[in-house]
Amino acid sequence: MTLYYLLYFFALPVNCIAMILVFIRIYKGPTVFDRIVALDLLITMGIGSIAIYSIITKQPLFLDVAMILALIGFLSTVAFSYYLEKRKDND
Amino acid sequence: MTDVIFIILCTIGSLATLVAAIGVLRMPDFYTRLSVTVKASTIGSGLLLVSAALYFSVPDVTNRAVAIVLFLILTAPVAAHMIGRAAYMGRTKLWKESQLDELEGMYDEDHHLRSEQPKKGEQEEDEKKADPQP
Amino acid sequence: MTNQLFTNIMLTLIWVMLSGNTSIPNFGFGFALGFVILYLTVRGIDNRRYFYRVPRMIRFILRYIYEMLKANLQVARSILMRRMDVAPAIIKYPLEAKTDFEITMLSNIISLTPGTLVMDISDDKKVMYIHTLYYKDKDSFIKYIRLNLEIKLLEVIR
């Protein structure tokens, strides 16, 4: 029982606050690289909160979503950085 | 016993995630942000996934969670390396209190990275070869 | 070497299939069982290298986890302090590792240690540029990486 209290009132709110802080960085970020790093961090946090949520609802199927999210996060970061490196005019 | 391990893992995982977020908000320039963020978030999500694996303790779920953790550990440094390299080529500034930058001026025109600074004489010879008219 | 590793994995799979329990601890137990069986059956001094290498690898992984936790605590402390005590720098690090596989493993390990990050590797694979958060002086940093990570890693995979 304490386990659910821990997850509901500690782990999920902490993750939520962390996500809000990352959104502030996405809004402020001076360069486009800062925003990409923040988005990557956001995806990793999403994986963590999916893990918490799958424990709360006792649905291990959610872990599949986490796996796909990890793949997409990695591929999108690599694609973004490849594009920014090959771009002609770096502003 | 399992509950205690579970509680410890969940708490440390959430706090590591929070530290990563505060780090990305507070750090002064791009490279410090990058080098703080990637590992802390990997450790945070990894611990939460391991606690999920311990909670279900069914073989297929456990294997899946361990696979996700291994994938995160393998891919996070690669992604950090690629984005850091792109940022350096895009001339993102270092923090003004940075101590030393030995990478400065090491990339040549075609984005190849040298290991030594080219010597003065060789460079002038190269320029002469490229430009025959005096 | 490769042959013995392959035999060990095959023995593990046979154990897991026969016992019908596909959990992670059972895989570990099967691997340990196969290791003991190989140790008892293999003759000759030349074939013994595998048995030194596996315990060394396990010790390396444990030691690496310890280093990672220590560095993580340091980074967390310097994030949460009011005045951050970071002194970032990019340092040129001459490589001992030669092949692509060794360089990849080394850069992965360096990047996963908090506070250090591999920026790039030169085209002729001689030096590596590392971004660090806690810069004191160049020689002590290079010595730290070489003694704690590179030599230990090369002992394991060479």
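Each remark here, short or long, concerns the structure printed above.
Numbering of residues begins from 1 in every chain and follows the order in which that chain's sequence is written. To label them, take the chains in the order written and letter them from A, then take the ligands in the order written and number them from 1. Reporting of local features is limited, given that this is a predicted model, to residues whose pLDDT is at least 70; pairs of side-chain atoms are given and counted only at 80 or more, and all residues count toward the totals for whole chains, interfaces and linings. Hydrogens and water molecules were not included; the side-chain quantities draw on all heavy atoms of the structure.

Student: Where do I start with the interface of chain A and chain B in this structure?
Tutor: Contact definition: two residues touch when any of their heavy atoms are within 4.5 Å. With 45 residues of chain A in contact, the opposing surface of chain B contributes 46 residues. In short, buried area is how much 1.4 Å probe accessible area vanishes from two parts on joining, totalled over both. A combined buried area of about 4100 Å² lies between chain A and chain B, and 79% of that area is made up of carbon and sulfur atoms. Taken as a group, Arg25, Phe33 and Glu85 of chain A account for 15% of the area that chain A buries against chain B, more than any other trio of residues on that side. A salt bridge links arginine 33 of chain B to aspartate 34 of chain A; the shortest N-O distance between them is 2.2 Å. In protein, a polar contact means a hydrogen-donor-capable atom and an acceptor-capable atom, both N or O and within 3.5 Å, with residues adjacent in sequence counting only if both atoms are side-chain atoms; elsewhere, any N or O pair within 3.5 Å suffices. If you look at where chain A meets chain B, you find 7 residue pairs in polar contact (both at pLDDT 80 or more). Numbered from the N terminus, helices here are DSSP runs of H or I no shorter than four residues, and strands are runs of E no shorter than two. It is helix H1 (residues 2–28) of chain A that contributes the most residues to the side of chain A that touches chain B, 14 residues altogether. Counted as salt bridges are all cases of a side-chain nitrogen of Lys or Arg within 4 Å of a carboxyl oxygen of Asp or Glu.

Student: Where do I start with the environment of arginine 35 of chain A in this structure?
Tutor: Residue and element names in this part refer to chain A. Along the polypeptide, arginine 35 turns up in helix H2 (residues 32–57). Throughout this description, buried means an accessible area under 20% of the type-specific maximum (1.4 Å probe, protein chains only), exposed means over 50%, and partly exposed covers the range between. For arginine 35, a relative accessible area of 31% puts it in the partly exposed group. Measuring from C-alpha to C-alpha, the distance between arginine 35 and valine 22 comes to 9.4 Å, with 13 residues separating the pair along the chain. Apart from the residues lying within four places of it in its own chain, the contact partners of arginine 35 are Ile26, Tyr27, Lys28 and Gly29. At a separation of 2.9 Å, a polar atom in the side chain of arginine 35 contacts the main-chain carbonyl oxygen of isoleucine 26.

Student: It is not clear to me how helix H4 (residues 100–112) of chain C should be interpreted in this structure. Could you clarify?
Tutor: One turn of an α-helix holds 3.6 residues; hence residues three or four places apart share an orientation. Expected span of a helix, by definition, is 1.5 Å for each gap between consecutive residues, and there is one gap fewer than residues. Taking 1.5 Å per residue, 13 residues should reach 18 Å; H4 of chain C reaches 18 Å between its end C-alpha atoms and fits that length. Among the residues of H4 of chain C, those classed as buried are Glu102, Ile103, Leu106, Ser107, Asn108, Ile109, Ile110, Ser111 and Leu112 of chain C. Elements in contact with the buried residues of H4 of chain C: helix H2 (30–56) and helix H3 (59–89) of chain B together with helix H3 (49–80), strand S2 (116–121), strand S3 (127–132) and helix H5 (138–157) of chain C.

Student: I tried to follow the packing of helix H1 (residues 2–26) of chain B against H2 of chain B on my own but got confused; where do I start?
Tutor: Packed helices, taken two at a time, are described by the angle between their axes plus the distance between the axes. Residue and element names in this part refer to chain B. Where H1 contacts H2, the two axes come as close as 8 Å, and the packing angle between them is 160 degrees. Taken together, the axes of H1 and H2 lie roughly antiparallel to each other. Remark: the crossing between H1 and H2 carries left-handed chirality. In this structure, H1 uses Ile5, Phe6, Leu9, Cys10, Ile12, Gly13, Ser14, Ala16, Thr17, Ala20, Gly23 and Val24 to contact H2, whose residues at the interface are Arg33, Val36, Thr37, Ala40, Ser41, Gly44, Leu47, Leu48, Val50, Ser51, Leu54 and Tyr55. All residues other than Ala, Val, Leu, Ile, Met, Phe, Trp, Tyr, Cys, Pro, Asp, Glu, Lys and Arg, Gly among them, are scored as polar; the first ten of these are nonpolar and the last four charged. When grouped by side-chain class, the residues that make up the contact of H1 with H2 number 15 nonpolar, 8 polar and 1 charged. Note on geometry: axes are C-alpha line fits, over the in-contact stretch for helices, and angles between N-to-C directions span 0 to 180 degrees. By definition in this entry, angles of less than 35 degrees are roughly parallel, angles greater than 145 are roughly antiparallel, angles of 65 to 115 are roughly perpendicular, and the rest are oblique. A clockwise turn of the near helix away from the far one marks a right-handed crossing, whereas an anticlockwise turn of less than a right angle marks a left-handed crossing.

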